[in-house]
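Breakdown of the fold
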Amino acid sequence: MAKRVFYFGKTKTDGDGKQKQLLGGKGANLAEMTSIGLPVPPGFTITTEVCDEYYKSGRKLPAGLTDEVNKNVKVLEKELGKKFGDNENPLLVSVRSGAAASMPGMMNTILNLGLNDVSVKGLAAATGNERFAYDAYRRLINMYGDVVMEVGHEHFEEAFDKIKKKHKATLDTEVPTEGLKELCEAYKAVYKQHTKQDFPQAPLQQLELAIEAVFKSWMVDKAVSYRRIEGITGLKGTAVNVQSMVYGNMGNDSGTGVAFTRDPATGQNKFYGEFLINAQGEDVVAGIRTPQPVAEMPKWTTPTHKTIGKDCHKQLLEIKDKLEDHYKDVQDIEFTIEKGTLYMLQTRTGKRTAAAAVKIACDMVKEGRIDEKTALLRIPPNDLTQLLLPSFSAAGKKGAEVLAKGLPASPGAAFGKLAFTAVEAVERANAGEKVILVRKETSPEDVEGMNSAAGILTSTGGMTSHAAVVARGWGRCCVAGAGEISIDEKGRKIKVAGKTLTWKDTISLDGSTGEVMNGEVATEEPKLSGDFAKIMKWADEHRTLGVRTNADTPADSQRAREFGAEGIGLCRTEHMFFEEDRIFSMRKMILAENEKNRRAALEKLLPHQRKDFEGIFKAMKGLPVTVRLLDPPLHEFLPHDGKAQTEIAKELGLKPADVKHRVAQLHEANPMLGHRGCRLSITYPEILEMQVTAIVEAMINCKKKNIDAKPEIMIPLIGTVEELKLLREKAEETIEAVKKAKKYDGKLDIPIGTMIEIPRAALTADQVAEYADFFSFGTNDLTQMTFGYSRDDVNTFLPDYLKHDILPVDPFQSLDQTGVGQLVAMGVEKGRSTRKDLKVGICGEHGGDPSSIDFCHRVGLNYVSCSPFRVPIARVAAAQAALKNGK
Ligand code: PEP
Ligand code: MG
């Protein structure tokens, strides 16, 4: 039988930092910190496999676990010279969750476990502080009732209010010892009333139920949501960490804090953290009291220990260096000072913004801690988007009315209307509004709302409060602890700087300065820093996949080039037809009743297309541009409401009834499987002719101006080789015809290829390759057709599929490597069996998704193509794929 419980302490340490999957991040690091000699209170970790067993056996703790736990409790008692339930010097423990991936505040924690009617006296004796002991006991009954037995927190609050009234206290801290003793009795009564059981007095029984409660918390809604939003999959469950308690709330010579070994927002190499004197760990993270910066710690003195702050600060700095030397990465730590003695409670890899990730990676290479490859592997590619987003312009900021200043918790420039609850934020964001979620503080319950909001603003809480940590992890703009703002959640308004703003008002948040501004402040494009360029250079040196972009305007093409695109992998020509001056001719073409009229309308579109292509070829300066011929079903270009139909009829001199009839005729029951893609050119070859003519004329015009244009013609939605053969011939004829008409006798090298978007095209790729100079996988359509999910209405049921784990992720965002991936792999292999040098790319949305890019690398694609803002992501992801899988 596999070992279920791993001890860490001076006696022995069973685990190590590499065992994150088994011991969870927290457990593995507690073992590791203990091994490298840091002051960690001893304890033990119950593995994630036990959590798995718990669920597999229908929510039952496995037989034999209790014995193993009890054995470890004995070792712990011996090491500390304390005993569970003792009336002199009792052993007390905390019980915490900890999965392999960090889920801040998502799962349950129980503190002070082991207290009962006897050991509370022991704790009072051992600490010489009776008030403290009863305060700890009442916290345990409350937390235990709440977390383990699901007794509503409000019942405990009610009991506390009565006691406060009785003792004329307004604050918890003003309640005298007597009052706390009464409170423990009152809490036990609340407990009994709601659970029909006495509060368990046997510490081992308390422990067993607490362990089970942590396992249960793995599947509660907020934890499941968080994993879904973060894309955390494939974990066995949570581990349970049982650790001997140390107290930060034993008086003014005690405290607790959290810190980062470097600034997690900017990456600056500066010890960065916060602490609270006389407080328990959760107080800092929950954002209830606003903590002080760690840099202020040296000023902390007590009458009997004048250098307490200086000593602890010095020791923390030494630990910081030791941790960074050991882990070679930024660490996020939790510490507690009990009567002047420092203890480490946790270390984990620090979550950071993209800006910090880039700076830290480059700095650590400079410091010789890591090499370039490691640095590259440390950059979460998706986060780079944060660096490419606009920031507030200097001019915008100059005129802005600053309402308040909070902490710069997570950088970014966000604006939106005020939303006061997570539910409201989700609803309004879904309805297309930009909202800023405004809360006193956030809790794990708010994650859906935080994820929907453009930015997050809190009025209490520090840089390490829940809102700050989660927002930073997501790269969402957040200003925390803006204490001047008073929030009226019920009235849906805030008061600040003498003003009242309601849910209808817009504010702007500067996550880099902490400013909260009135109205919408103007933004500007980003400037890419020296470190960013360095990471990109390293990425380009290591990747083997090419990176192109999906772009259909000169402006997008230009931006993508600046981001490092090596060509256009997909120019969707249909987007060009929607502009004001073209849609009319487009509609005229569609509504034409015969070829002659269609050609006349196409004739009008031709110069526009040609001009667009010239602009794009020019912007791409000699880089290849894959132009896809018209793809969407024609009804997409027509108006669907009666009024617009009447207008177009008038403009075209038609009867409204005729327009209506044609719209109805073109209507498709399943628009994405109908008359579209190459099928359009089969029915209306004149559309292909016009588009190819525009491409070739634009190419010739560019050449005459010494602009190196490199178009590639891509035919969409091929399902049989015959379609491609026919349309290729047509395209070649058109190229020759244009050359002749333009009297151009130079060589024009225009590769003609196809998209592989229909499963049949992948299955017969060896035949298709006979007529294709290149393939580009249109994995949007390929996913649609392989799964049989319509792209247009998949969202009606996809959320349920994700909720029930039928699908691990949205297959339209991240390639389904087991299913759709087989078709891609087969398409590449079969295509190259016909044409060894067949160039193959991907241009579906997946071309910008890091895990799909990894797949593309492994199956031997030549390039990926993605939207301009994803180009840097793709460059880094491609380098990571090469480093992980070999070139
Ligand atoms: C695709 O299907 O993957 C593709 C890129 O084409 P579109 O999204 O335009 O259908
Ligand atoms: Mg497609």
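Since we're looking at a predicted model, the values are computed, not measured.

The local shell around ligand 1 holds 14 residues, among which R572, E757, G778, N780 and R791 are the closest. Here an oxygen atom of ligand 1 and a backbone polar atom of T779 are 3.0 Å apart. D781 places a main-chain nitrogen or oxygen 2.9 Å from an oxygen atom of ligand 1. Bound to the protein, ligand 1 loses 96% of the 290 Å² it would expose on its own. Breaking the shell around ligand 1 down by element, the ones donating at least two residues are β27 (568-572) and α30 (779-787). With 3 residues, α30 is the largest single contributor of residues to the shell around ligand 1. A breakdown of the residues in the shell around ligand 1 according to their chemical character gives 3 nonpolar, 4 polar and 7 charged.

Right, let's talk about the coordination of the magnesium ion (ligand 2) for a bit. For the magnesium ion (ligand 2), the full set of protein donor atoms is E757 (OE) and D781 (OD), and the range of their distances to it is 1.9 to 2.0 Å. Here the residue E757 occupies a position in the loop between β30 (752-756) and α28 (759-763), and D781 occupies one in helix α30, the gap between them amounting to 24 residues. Residue classification places E757 among the buried positions, given a relative accessible area of 2%.

This part covers the sheet that holds strand β12 (residues 341-349). Strand order in the open sheet formed by 5 strands is β10-β9-β8-β11-β12, with antiparallel pairing between adjacent strands. Edge positions in the sheet fall to β10 (292-293) and β12, since each has one partner strand and no second. Across 2 bridges, strand β9 (residues 272-277) lies against β10 in antiparallel orientation. Paired with F275 across the bridge in β10 is Q292. Along the sheet face, helix α11 (residues 308-327) touches β11 (331-338) and β12 and points at about 30° away from the line of β12.

Reading the values: rules and limits
Residues numbered from 1 in each chain as written. Chains lettered and ligands numbered in written order. Predicted model: local features only at pLDDT ≥ 70, side-chain atom pairs only at ≥ 80, totals over all residues. Heavy atoms only, no water. Near = heavy atom within 4 Å. Polar contact = N/O pair within 3.5 Å; in protein donor to acceptor, adjacent residues only side chain to side chain. Areas by Shrake-Rupley, 256 points an atom, 1.4 Å probe, with all protein chains shown as cover. Helix = DSSP H or I, 4+ residues; strand = E, 2+ residues; numbered from the N terminus. Nonpolar A, V, L, I, M, F, W, Y, C, P; charged D, E, K, R; others polar. Donors = N, O, S within 2.8 Å, 3.2 Å for Na, K, Ca; no water. Buried < 20%, exposed > 50% of the residue type's maximum accessible area, 1.4 Å probe, protein only. Pairing = 2+ DSSP bridges. Contact = heavy atoms within 4.5 Å. Axes fitted to C-alpha atoms, helices over the stretch in contact; angles between N-to-C directions.

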